[in-house]
Amino acid sequence: MPAIAVDLYSDTQTRPTAAMRRAIADAEVGDEQRGEDPTVNRLQERVAELLGKEAALFLPSGTMCNEIALKVHTRPGDEVVADRTAHVINYEAGAPGLISGVMFSAVDGERGVFTAEHAAAAIRAGSRYDPPTRLLWVENTSNLGGGTVWPLEIVTQVCAVARGRGIATHLDGARLLNAVVASGVSAAAFAAPFDSAWIDFTKGLGAPVGACLAGSRAFIEEAWRYKQALGGAMRQAGIIAAAGLYALDYHVQRLADDHVNARRLAEGLAVLPGIDIDPATIETNLVFFDVAQTGMDAQQWVARLGEHGVRMGAMGPARVRAVTHLDVDAAGIEQALAAARAVLAPAPTGG
Ligand SMILES: *Cc1c(COP(=O)(O)O)cnc(C)c1O
């Protein structure tokens, strides 16, 4: 099998650039656990400001942001309302049950986006038989929904329903900055209706490690306790926080390039026989499509594409995901499309 030349498996596949590595090498550091790492402190202040919150907490991963937020907002036995496709339900190894003892009321939204009506119907009345609904959860952009951007109006309405019923709200913003760049809505505006929100540095931003959770000062104080309890407190973490600061300076606006590349990939795939995709649904950097009519399943498709040096991910029996990011340029997209055409070309009839 040839080396992978175009890696569309995930936006987590990026390697730190030379300039980012210089920022890492030059980072001023201290003991993060004691609040004495100046680079981590700067990053936390920067993210708190970006998301319009009082305080922020640097953590090793987005998963830890989600799990600590769940732990702070809920008690065992509580119920959380989230879209059925949510990362926290599908990809966090059962941690909500393991760590917080919560259950989910999974909502059937449209491409990962649900409405105020969905939210109102999912929040329990509060009888003694009911699991207490404690938290409402939004993922923006929606990953399994296909990189969907939540319209600000819907976000506001959904959170207003929660607030009206005394329910806390959390924003999984692993790709919030993709939503910001695609929509022109600021990160602070998207985060405003939420009690807690976070961004990931290791997705489109291209940093090697880390995510940052934001909320009120009291929320972050409590989050610190669970960071310590879960072993997430670090030492000279300025080494990795420097990459996050660099990414906020240099890798946000360029997300627009990833969105253009994703749209181009979708348009190129849409004209191929047996590939089912509507390019008009591609809003950000995630490209999902269906290969059922190609005669291959998703695993076979991914394996055949790999033989041509292009990597995508099988996300279901016939569902494939390709993700654009800063290590794939427009030429890489053309290369991926050429590989897709080669995989679908009728086998030469010997003669
Ligand atoms: C990747 C992702 C996470 C988890 O982030 P990690 O930094 O990989 O732990 C959470 N939510 C969504 C929507 C994601 O895409």
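One numbering rule holds for all chains: residues counted from 1, following each sequence as written. For this predicted model, a pLDDT threshold of at least 70 governs which residues receive local features, and a threshold of 80 or more governs which side-chain atom pairs are given and counted, while totals over whole chains, interfaces and linings are taken from all residues. The side-chain figures draw on all heavy atoms in the structure; neither hydrogens nor water molecules are used.

The next subject is the domain arrangement of the chain. Source of the domain bounds: an automatic or database domain assignment. In terms of domain boundaries, the chain breaks down into domain 1 (18-249) and domain 2 (254-344). Taking only C-alpha atoms into account, the centre of domain 1 sits 28 Å from that of domain 2. Any two residues whose heavy atoms approach within 4.5 Å at even a single point are treated as in contact. With 18 residues of domain 1 at the interface, the matching set in domain 2 holds 14 residues. By buried area we mean how much accessible surface two parts lose on assembly, using a 1.4 Å probe and totalling the loss over both. Roughly 1300 Å² of surface becomes buried between domain 1 and domain 2 when both sides are summed, with 54% attributable to carbon and sulfur atoms. Considering only the side of domain 1, the residues that lose the most area to domain 2 are L144, N178 and G204, jointly responsible for 30% of the buried surface there. When a carboxyl oxygen of Asp or Glu is within 4 Å of a side-chain nitrogen of Lys or Arg, the pair counts as a salt bridge. Where domain 1 touches domain 2, the interface holds one salt bridge.

What follows is about helix α7 (residues 152-164). For the purposes of this entry, the term helix denotes a DSSP run of H or I that reaches at least four residues, the term strand denotes a run of E that reaches at least two, and both are numbered from the N terminus. Expected helix span is given by 1.5 Å per residue-to-residue step, counting one fewer step than there are residues. The first and last C-alpha atoms of α7 sit 18 Å apart over 13 residues, in line with the 18 Å expected at 1.5 Å per residue. Here the term buried applies to any residue with accessible area under 20% of the maximum for its type, exposed to any over 50%, and partly exposed to those in between, with areas from a 1.4 Å probe on protein chains only. Every buried residue of α7 is accounted for by V155, V158, C159 and A162. In an axial view of α7, the angular spread of the buried residues amounts to 95°, which keeps them on one side of the axis. Among the exposed residues of α7, those pointing more than 90 degrees away from its buried face are E153 and G164. Against the buried residues of α7 lie α6 (116-122), β5 (133-139), β6 (168-173) and α9 (187-191). Where α7 ends, the next residue or the one after it, G166, has phi of about 75°, a positive value. It is the directions from the helix axis to the C-beta atoms whose arc is reported.

Time to look at the pattern of salt bridges. Summed over all chains, the structure comprises 16 salt bridges. Residue D258 pairs with R254 through a salt bridge whose shortest N-O separation is 2.6 Å. For D258, a relative accessible area of 0% translates into the label buried. A relative accessible area of 18% places R254 in the buried class.

Next up on the list: the site of the ligand. Each residue is tested against the molecule or strand, and it is near if at least one of its non-hydrogen atoms lies within 4 Å. The immediate surroundings of the ligand are formed by 15 residues, with G62, T63, D172, D200 and K203 found nearest. In protein, a polar contact means a hydrogen-donor-capable atom and an acceptor-capable atom, both N or O and within 3.5 Å, with residues adjacent in sequence counting only if both atoms are side-chain atoms; elsewhere, any N or O pair within 3.5 Å suffices. For the ligand, an oxygen atom lies 2.8 Å from a polar atom in the side chain of K203. With residues, only the protein chains shown are counted as cover, and all accessible areas are computed by Shrake-Rupley using a 1.4 Å probe. Notes on the ligand: free accessible area 380 Å², of which the protein chains cover 88%. Contributions of two or more residues to the shell around the ligand are made by α3 (62-73) and β7 (196-200). By residue number, the principal contributor to the shell around the ligand is α3, which donates three residues.

In this section: the sheet that holds strand β11 (residues 313-314). Here, strands pair whenever DSSP counts at least two bridges between them. Read from one edge of the open sheet, three strands run β9-β12-β11, paired in antiparallel fashion. Looking along the sheet, the strands with just one partner apiece sit at the ends: β9 (286-290) and β11. For β9 and strand β12 (residues 319-323), the ladder comprises five bridges, and the chain directions are antiparallel. If you follow L286 over to β12, its bridge partner there is V323. Between N-to-C directions, angles cover 0 to 180 degrees, with each direction set by a line fitted to C-alpha atoms, over the stretch in contact for helices. Across the sheet, helix α12 (residues 255-270) is in contact with β9 and β12; its angle to β9 comes to roughly 15°.

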